[in-house]
Amino acid sequence: MNTETFIPKNQNKDYMLVDFVEMKSTHRAVMPDIMVVEYQGKTYDLLWDDRYSYFSGQVNGEQGYIP
């Protein structure tokens, strides 16, 4: 598995290393716009943010992003 760095929006929190699982597409997307990652045995869906050009969402209760 590939490892990605999840950066919490709360700057007081440490980065989390998450495992990349797969890319998925919503019904409206031509290209994949969901990144599925795994952290401590649980999977999380991160959505593509067009404004900032990164995947964002919540992992282990923390809001953040993967650049």
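One structure accompanies this document, and this report is about it.

Scoring rules and cut-offs
Residues numbered from 1 in each chain as written. Predicted model: local features only at pLDDT ≥ 70, side-chain atom pairs only at ≥ 80, totals over all residues. Heavy atoms only, no water. Helix = DSSP H or I, 4+ residues; strand = E, 2+ residues; numbered from the N terminus. Contact = heavy atoms within 4.5 Å. Core = buried A, V, L, I, M, F, W, Y, C linked by side-chain atoms within 4.5 Å. Buried < 20%, exposed > 50% of the residue type's maximum accessible area, 1.4 Å probe, protein only. Pairing = 2+ DSSP bridges. Axes fitted to C-alpha atoms, helices over the stretch in contact; angles between N-to-C directions. Salt bridge = Lys/Arg side-chain N within 4 Å of Asp/Glu carboxyl O.

Looking at the side chain of aspartate 33
Part 1: With respect to the helices and strands, aspartate 33 occurs in the loop between strand E2 (16–24) and strand E3 (34–39).
Part 2: Once you skip the residues sitting within four places of it in the chain, aspartate 33 turns out to touch Lys24, Ser25, Thr26, Arg28, Leu46, Leu47, Trp48 and Phe55.

Quick look at the nonpolar core
Part 1: Ranked by size, the top nonpolar core spans eleven residues in total: Phe6, Met16, Val18, Met35, Val37, Tyr39, Tyr44, Leu46, Phe55, Val59 and Ile66.
Part 2: Taken together, the elements giving at least two residues each to this core come down to E2, E3, strand E4 (42–49) and strand E5 (54–59).
Part 3: Looking at this core element by element, the count peaks at three residues for E3.
Part 4: Residue contacts for methionine 16: discarding those within four places in its chain leaves Glu4, Thr5, Phe6, Pro8, Tyr39, Val59, Asn60 and Glu62.

So, the sheet that holds strand E1 (residues 3–8)
Part 1: The strand order E1-E2-E3-E4-E5-E6 describes a closed barrel built from six strands, whose pairing is antiparallel. Neighbour to neighbour, the strand axes of the sheet diverge by 40 degrees on average, direction disregarded.

Considering the pattern of salt bridges
Part 1: Applying the stated criterion across every chain, the model contains two salt bridges.
Part 2: The residue glutamate 62 makes a salt bridge to lysine 13 at a minimum N-O spacing of 3.5 Å. With a gap of 49 residues between them, glutamate 62 in strand E6 (residues 62–66) and lysine 13 in the loop between E1 and E2 connect regions that are remote in the sequence.

Brief notes about the environment of threonine 3
Part 1: Within the secondary structure, threonine 3 is located in strand E1.
Part 2: Threonine 3 gets classed as partly exposed once you look at its relative accessible area, which sits at 48%.
Part 3: Separated by 54 residues in the primary sequence, threonine 3 and glycine 57 have C-alpha atoms spaced 17 Å apart.
Part 4: Every residue in contact with threonine 3, bar those within four places of it in the chain, is listed here: Leu17, Val18 and Asp19.

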